[in-house]
Amino acid sequence: MAPMTATASTDWSFSSPEGEEHYRKALQAYPAQVIVDLAAIRDNMRRLVDVVNREGGRTDVMGVVKADAYGHGLLPVALASLAGGATWLGVAQAREALLLRRAGIDADRAHVLTWVNNPLQAPYRELIDLDVDLSVATLTAIDCIAQAAREAGKPARVHVKVDTGFGRNGFTLEQLPAAIERLRPLVQDGTFELVGQWSHLAVADAPDNPDFVRQTDLQVERFERFTEELAAAGLTPRIRHLANTAATLGRPELHYDLVRPGVALYGYEADPAMGTPSQYGLRPAMTLQAQLSSVKDVRAGEGLSYGRVYVTDRDTSVAIVPVGYADGIHRSASGFDEAGARHVDHAGGPLRLMTTQGPMLARVSGRVCMDQFIIDLHGSAQDLGVRIGDTVELFGPGRGEAFAEPTADDWARAADTISYEIFTCLRNRVPRLYLHAYDVLDGRDLAMLEPDSLL
Ligand SMILES: *Cc1c(COP(=O)(O)O)cnc(C)c1O
């Protein structure tokens, strides 16, 4: 039997010899890969659909796929979430709404809502032509959308955004009368189809903080106030929606007609304070892996990387992982040690490698550089069986203690941020590859995707 090496640690289930060939090509193209399990995306969406329909109600689920589906890839994730039962797709930027429609996800298949733009320049005419739902949160947007709808010769589908306490987008209660005055004639004469009333929650991810729970309750009270004031003016949106992942999972009474989970679709809870993904029946979909570009022995007392913030405490081996902050690896996940010149103890981002003794957790040792970082193996690479070209896993689904597999939450902790930022920061020069596409999608959907990206 061949000696076990880290290369043997990733054992992907390819759909076909072509899939395996695509994987091989990706390794030649770049020494790191993002692998997204589309079955996990579909199953997470199924789970969310179950969660909101438990009480026999009828609540729709929007797959929030903004920011290139949180870095996972817009189209494959959009299609997998539709396969899991989503009936809506949500994006911040108009550009992504247009990409979804132009790719062939038409209005019969999914509603698409977009909510961020410069209203003076936004491509409202094309959005209306392509049946994209539009958020209105300013008087300027109302005017611009009305103009575009007249040009299009068909009603704009609008969702009135109300600011219930997030302090970001939406009409405040004070602004509402002016908004109503502007909206009412447009709804009455059919320029606008008033589809939704919506808002966003600020602190629904902190169920153990009574102040924050009260703040969410207050946001809900205000949300209802907005509904009453709109109704008093003869404006009755067909649906209302408020819940993000945190409220979808933790506040069933806030589901209304539609929920908008984002991070749960990717297999994460909104905040580790809410528990682990598996407690909610969710599975992280993304794995980030890389191939070691160098392995060598170094003496005790050697500084690793810029600034000598990490100094080896014994004769050891180090390996280079060829991804850095230009790939989206946070520099704040650098690993400092007490022996270092800065005398700061800060554990670097974790990763899993395979050794002859089984899986081992290593950490970023020293500063993350632009294109690479170093790991101290705390032992001899030869004894450990760690070799150049071995595949190491920065994070993955988190398959339990024995597997020593970090998750994006672990990276978030090391980088002092949230899982959301860990995956959305990953640059597109790291290839995205898709697992289980053939199990999840039909031929028509598969044809919309980059063939080389399918494993
Ligand atoms: C990003 C976003 C969501 C999804 O938030 P998660 O915390 O990822 O579930 C929902 N609604 C709006 C308006 C958003 O911007």
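Residues numbered from 1 in each chain as written. Predicted model: local features only at pLDDT ≥ 70, side-chain atom pairs only at ≥ 80, totals over all residues. Heavy atoms only, no water.

Looking at an unreviewed UniProt entry, the chain carries the name Alanine racemase, with the source organism given as Bifidobacterium cuniculi. Heading Pathway (unreviewed entry) of the UniProt record for the chain holds this comment: "Amino-acid biosynthesis; D-alanine biosynthesis; D-alanine from L-alanine: step 1/1." (UniProt positions renumbered as here; feature names shortened; annotations may be inferred.)

J.: Would you mind showing me how to read the pairing of strand S17 (residues 432–435) here?
T.: Side-chain positions along a regular strand alternate between the two faces of the sheet. Neither face of S17 is exposed, since Arg 432 and Tyr 434 on one face and Leu 433 and Leu 435 on the opposite face are all buried. Across four bridges, strand S1 (residues 32–37) lies against S17 in parallel orientation. Bridge pairing in S17 links Asp 37 to Leu 435. (Buried < 20%, exposed > 50% of the residue type's maximum accessible area, 1.4 Å probe, protein only. Helix = DSSP H or I, 4+ residues; strand = E, 2+ residues; numbered from the N terminus. Pairing = 2+ DSSP bridges.)

J.: Whenever I open this one, the UniProt feature "binding site: substrate" (unreviewed entry) in the chain confuses me. Can you help?
T.: Following the UniProt record, the feature "binding site: substrate" (unreviewed entry) maps to Arg 168 and Met 370 here. Look at the named residues: they lie 203 residues apart in sequence, and the longest C-alpha span between them is 33.4 Å, so in the fold they stay spread out. Those annotated residues from the list above that line the second largest cavity are Arg 168. In this view, Arg 168 contacts Asp 163 and His 200; residues no more than four positions away in its chain are not counted. (1 Å grid on protein atoms, 1.4 Å probe; cavity = no way out; pocket = protein on both sides within 12 Å on 5 of 7 lines; lining within 4 Å. Contact = heavy atoms within 4.5 Å.)

J.: Looking at this structure, how should I read the site of the ligand?
T.: In the region of the ligand, 13 residues are neighbours, and Lys 66, Tyr 70, Thr 245, Val 263 and Tyr 420 sit closest. Here Lys 66 contributes a side-chain N or O atom positioned 2.6 Å from an oxygen atom of the ligand. Val 263 is positioned such that a nitrogen or oxygen atom in its backbone is 2.8 Å from an oxygen atom of the ligand. For the ligand, the protein covers 94% of the area, taking 390 Å² as the surface of the free molecule. (Near = heavy atom within 4 Å. Polar contact = N/O pair within 3.5 Å; in protein donor to acceptor, adjacent residues only side chain to side chain. Areas by Shrake-Rupley, 256 points an atom, 1.4 Å probe, with all protein chains shown as cover.)

J.: Teacher, can you tell me more about the pattern of salt bridges here?
T.: When their charged atoms lie close together, side chains carrying opposite charge are able to pair. All told, the structure shown has 25 salt bridges when counted by the stated rule. Among the ionic pairs, Arg 102 bridges to Glu 126, the shortest N-O distance being 3.1 Å. Within this pair, whereas Arg 102 is found in helix H5 (residues 94–103), its partner Glu 126 is found in helix H6 (residues 124–129), the two being separated by 24 residues in sequence. In this structure, the salt-bridge partner of Asp 217 is Arg 251, at a minimum N-O distance of 2.6 Å. You can see Asp 217 sitting in helix H9 (residues 210–232) and its partner Arg 251 sitting in the loop between helix H10 (245–250) and strand S9 (258–259), a full 34 residues away along the chain. Each member of the salt-bridge network shares a partner with another, and the members are Asp 37, Arg 42, Asp 43, Arg 46 and Arg 283. (Salt bridge = Lys/Arg side-chain N within 4 Å of Asp/Glu carboxyl O.)

J.: Before we go on, may I ask you to explain the packing of aromatic side chains in this structure?
T.: All chains considered together, the criterion is met by seven aromatic pairs. Between Phe 14 and Tyr 23 the ring centres are 5.2 Å apart and the planes differ by 55°, which places this aromatic pair in the tilted class. Measuring from centroid to centroid gives 5.9 Å for Tyr 70 and Tyr 420, while their planes differ by 35°, and the two rings are tilted. Placement of the pair is Tyr 70 in helix H3 (residues 66–70) and Tyr 420 in helix H13 (residues 419–424), with a sequence separation of 350 residues. Judged by its relative accessible area of 5%, Tyr 70 falls in the buried class. Given a relative accessible area of 25%, Tyr 420 falls into the partly exposed group. An aromatic cluster is present here, built from Tyr 70, Tyr 266 and Tyr 420 joined pairwise through their rings. Above the plane of the ring of Trp 198 lies Lys 161, whose end atom (NZ or CZ) is 3.8 Å from the centre. Over the aromatic face of Phe 403 sits the side chain of Arg 352, whose NZ or CZ is 3.7 Å from the ring centroid. (Phe/Tyr/Trp six-rings, centres within 6.5 Å; stacked < 30°, edge-to-face > 60°. Lys NZ or Arg CZ within 6 Å of the ring centre and 35° of its normal.)

J.: Can you walk me through the domain arrangement of the chain in this structure?
T.: Accessible area lost during the coming together of the parts is what is often quoted as the interface size. Each domain of the chain was delimited in the assignment, giving domain 1 (38–268) and domain 2 (285–424). Here the C-alpha centre of domain 2 lies 39 Å away from the C-alpha centre of domain 1. Of the residues lining the interface, nine residues belong to domain 1; the matching set on domain 2 comes to eleven residues. Counting the surface lost from both domain 1 and domain 2, the interface buries some 830 Å², and carbon and sulfur atoms represent 72% of this. Summed over the three residues of domain 1 that lose the most area to domain 2, namely Tyr 70, His 72 and Tyr 268, the buried surface amounts to 62% of that side. If you look at where domain 1 meets domain 2, you find zero salt bridges. Our count for the contact surface shared by domain 1 and domain 2 stands at two residue pairs in polar contact (both at pLDDT 80 or more). Looking at the side of domain 1 that touches domain 2, the elements that each hand over two or more residues are helix H2 (38–52) and H3. Broken down by class, the residue content of the side of domain 1 that touches domain 2 amounts to seven nonpolar, two polar and no charged. (Domains from an automatic or database assignment. Buried area = accessible area lost by both parts, 1.4 Å probe. Nonpolar A, V, L, I, M, F, W, Y, C, P; charged D, E, K, R; others polar.)

J.: I keep staring at the packing of helix H4 (residues 74–83) against H5 and nothing clicks. Help me out?
T.: Axis angle and axis distance: for two packed helices, these are the angle between their axes and the distance between the axes, and together they describe the pair. In contact at an axis separation of 11 Å, H4 and H5 are set at 70° when each is read in the N-to-C sense. As far as their axial angle goes, H5 and H4 are roughly perpendicular. Note that H4 runs across H5; the crossing there is right-handed. Facing Leu 74, Leu 75 and Ala 78 of H4, the residues of H5 in contact are Glu 96, Leu 99, Leu 100 and Ala 103. Classifying every residue of the contact of H4 with H5 gives six nonpolar, no polar and one charged. (Axes fitted to C-alpha atoms, helices over the stretch in contact; angles between N-to-C directions. Parallel < 35°, antiparallel > 145°, perpendicular 65-115°, else oblique. Left-handed = near helix turned anticlockwise from the far one by under 90°.)

J.: Can you help me understand the sheet that holds strand S15 (residues 373–376) in this one?
T.: Strand pairing within a sheet occurs via backbone hydrogen bonds; the two strands may be parallel or antiparallel. Here three strands make up an open sheet; going across it, the order is S11-S12-S15 and the pairing antiparallel. One side of each edge strand has no neighbouring strand; the edge strands of this open sheet are strand S11 (294–298) and S15. Averaged over all adjacent pairs, the angle separating strand axes in this sheet is 25°, with direction ignored. Looking at chain direction, S11 and strand S12 (residues 316–321) are connected through five bridges and run antiparallel. Residue pairing in the sheet places Asp 297 in a bridge with Ser 317 of S12.

J.: Looking at this model, I keep getting lost on helix H7 (residues 139–152). Mind explaining?
T.: Side chains that are three or four residues apart share a direction in an α-helix, a result of its 3.6 residues per turn. For H7, with 14 residues, the first-to-last C-alpha span of 20 Å sits near the 20 Å given by 1.5 Å per residue. Check the buried side of H7 and you find it contacts H6, strand S5 (133–136), strand S6 (156–161), helix H8 (176–188) and strand S7 (192–198). Gly 153, located one to two residues past H7, shows a positive phi value of around 70°. (Expected span 1.5 Å × (residues − 1).)

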